[in-house]
Amino acid sequence: MNLTAVMRILNEDDIIEANIRHHRSFIDHFVILDDGSQDKTLYIIKSLISDGFPITLIECDSVVSDERGRNTFLYNYASQKLKANWVFFLDADEFIDMRGRINGMKDFIVSVPGHFESMLLPMRNYKDTVLDNKDEIIVPNRMTWRMREEIGVFKVVVRGQLSGNIHIHEGNHTAYRNNKELDYFGGSNLCISHYPRRSGWQDIYKWIVMRLKITAAGKREVDKGTGSHYIAPLNTLLRNPKEILENKWFFNQTPNDNDVEDRICYEGGMLKYTENVDYKEKCIKMVLEYAFSLAREFGEEMDINESFRTRILTKINTHMER
């Protein structure tokens with residue numbers, strides 16, 4: 001039984017080591033596609049590879065969003081090259097909660113009826129609060145408060161080596177063969193513990209960079225609705241920055257009646273390469289790094305593509321003449 005986890009990541013140096021160590025107890029191989037991290041993410045992954053962790057690292061910088069293409073590439077890589085029996089689609093901030101699985105993951109996998117070609121695991125969102133121990137660098141140990149109710153969102157796990165044209169859609173929530181959703185098993189008591197926001201500053205960074213990547217990919221990507229949940233908060237930041245930047249609650253959240261304290265059982269042990277992160281400093285640096293990456297791509301296109309250069313300069317001159 002070969003269980004492979006695949007991830008697309010970008011600037012996740014505060015959480016990627018804990019994620020890999022947590023899942024190592026039942027994942028046989030990790031395939032990580034890095035979108036162009038500028039923090040210590042690559043250093044951490046390469047250090048874990050040197051320590052013997054079964055990781056395939058693929059560095060493929062991209063200033064635009066192409067989730068469906070990259071997700072599908074990762075499935076095919078794990079399925080065809082690694083001969084995975086099951087492919088787990090995880091983000092760096094997602095941890096499979098193994099509580100309730102007495103006999104472990106592989107015994108559970110074997111029990112899934114053979115006619116199911118995928119599984120859906122429900123997600124639970126955890127939040128950063130003023131009660132978090134800021135000195136704790138293991139995110140699942142630091143962030144112990146989550147929304148009481150499940151959010152109605154699932155992550156897909158897909159059998160490997162399926163026939164036909166398999167596509168994994170945006171967010172890794174669904175899998176399709178020839179545009180028809182795969183039959184899925186939903187009877188698992190496993191779930192995904194999700195840590196999407198480790199700081200208000202990290203939230204701001206994601207709004208900006210992810211919407212810029214989607215916008216830079218053009219109308220076809222925008223029209224898919226990819227990352228639409230970033231639009232409203234980013235518009236607030238653009239329209240009235242003080243509404244967010246001077247909002248003490250936004251940066252110092254407290255649990256409320258809709259939350260419950262429910263720390264997962266982190267199974268990865270101590271971290272070796274992860275350091276405490278100043279999220280405000282990282283937000284500024286990563287937004288600037290992405291902005292310059294995008295500008296460099298634009299500049300290269302101006303240099304090598306004469307029709308593109310002519311179109312841009314014509315547009316500028318037209319505006320000047322108005």
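Residues numbered from 1 in each chain as written. Predicted model: local features only at pLDDT ≥ 70, side-chain atom pairs only at ≥ 80, totals over all residues. Heavy atoms only, no water.

All right, on to the packing of aromatic side chains then. Tallying each qualifying case throughout the model produces 11 aromatic pairs. With centroids separated by 6.4 Å and ring planes inclined at 40 degrees, the aromatic side chains of F108 and F185 adopt a geometry described as tilted. Taken as a pair, F108 in helix α4 (residues 104-111) and F185 in strand β12 (residues 184-185) lie far apart in primary sequence, 77 residues in all. Residue class for F108 comes out buried when judged on its relative accessible area of 4%. With a relative accessible area of 17%, F185 lands in the buried category. Within the aromatic cluster, the residues linked to one another by ring pairs are W201, W207, F250 and F251. Sitting above the plane of the F250 ring, R197 keeps its charged end 4.7 Å from the centroid. (Phe/Tyr/Trp six-rings, centres within 6.5 Å; stacked < 30°, edge-to-face > 60°. Helix = DSSP H or I, 4+ residues; strand = E, 2+ residues; numbered from the N terminus. Buried < 20%, exposed > 50% of the residue type's maximum accessible area, 1.4 Å probe, protein only. Lys NZ or Arg CZ within 6 Å of the ring centre and 35° of its normal.)

What follows deals with helix α2 (residues 41-50). Residue pairs three or four apart in sequence face the same way in an α-helix, which turns once every 3.6 residues. When α2 is considered as a whole, its buried residues turn out to be T41, L42, I44, I45, S47 and L48. Buried-residue contacts for α2 involve β1 (3-9), α1 (16-23), β2 (29-34) and β3 (55-59). Of the residues flanking the end of α2, it is G52, one or two places downstream, whose phi is positive at about 105 degrees. (Contact = heavy atoms within 4.5 Å.)

A few words now on a negative patch on the surface. A contiguous patch of negative charge on the surface is contributed by D61, E297, E300 and D303. On the secondary structure map, E300 appears in helix α11 (residues 279-304). (Patch = residues over 30% accessible without salt bridge, like charges linked within 9 Å, V, L, I, M, F, W, Y side chains within 5 Å. Areas by Shrake-Rupley, 256 points an atom, 1.4 Å probe, with all protein chains shown as cover. Salt bridge = Lys/Arg side-chain N within 4 Å of Asp/Glu carboxyl O. Lys, Arg positive; Asp, Glu negative; His and termini not counted. Charge placed at Lys NZ, Arg CZ, Asp CG, Glu CD.)

Before going further, it helps to examine the state of the cysteines. Between two cysteines, a covalent bond joining their sulfur atoms is known as a disulfide. Going through the model one piece at a time under the given rule, you end up with zero disulfides. Note on C191: no disulfide assigned, nearest cysteine sulfur contributed by C265 at a separation of 13 Å. Residue classification places C191 among the buried positions, given a relative accessible area of 4%. (Disulfide = S-S within 2.5 Å.)

Once that is clear, we can look at the environment of S163. Within the secondary structure, S163 is located in the loop between β8 (154-159) and β9 (166-168). Remark: the alpha-carbon pair of S163 and R177, spanning 14 residues in sequence, is separated by 8.4 Å.

Between the first and last C-alpha of α11 there are 37 Å, a value that for 26 residues agrees with the 38 Å anticipated at 1.5 Å per step. Among the residues making up α11, those that are buried are Y279, K282, C283, M286, Y290, S293 and M302. (Expected span 1.5 Å × (residues − 1).)

This next bit is on the side chain of S193. You can see S193 is positioned in strand β13 (residues 191-194). Not counting residues within four places of it along the chain, the set of residues in contact with S193 comprises D93, E94, F95, D97, R124, Y126 and I264.

Right, let's get into the nonpolar core. Counting residues in hydrophobic clusters, the biggest one holds 45 residues, and the most contacted among them are F88 and M105. Among the secondary structure elements, those contributing two or more residues to this core are β1, α1, β2, α2, β4 (86-89), β5 (94-97), α4 and β6 (118-127). Ignoring any residue separated from it by four or fewer positions in sequence, one finds M105 in contact with L3, F26, F88, I96, M98 and L190. Ranked by size, the runner-up nonpolar core spans 19 residues in total, among them I58, L74, F89 and L162. (Core = buried A, V, L, I, M, F, W, Y, C linked by side-chain atoms within 4.5 Å.)

For the rest of this paragraph, the subject is the sheet that holds β9. On the basis of which strands lie adjacent, the open sheet formed by three strands has the order β9-β10-β11 and antiparallel pairing. A single partner strand is all that each edge strand has here, and the edge strands are β9 and β11 (180-181). Pairing of β9 with strand β10 (residues 175-177), which is carried by three bridges, proceeds in the antiparallel orientation. Across the sheet, I168 pairs through a bridge with A175, a residue of β10. (Pairing = 2+ DSSP bridges.)

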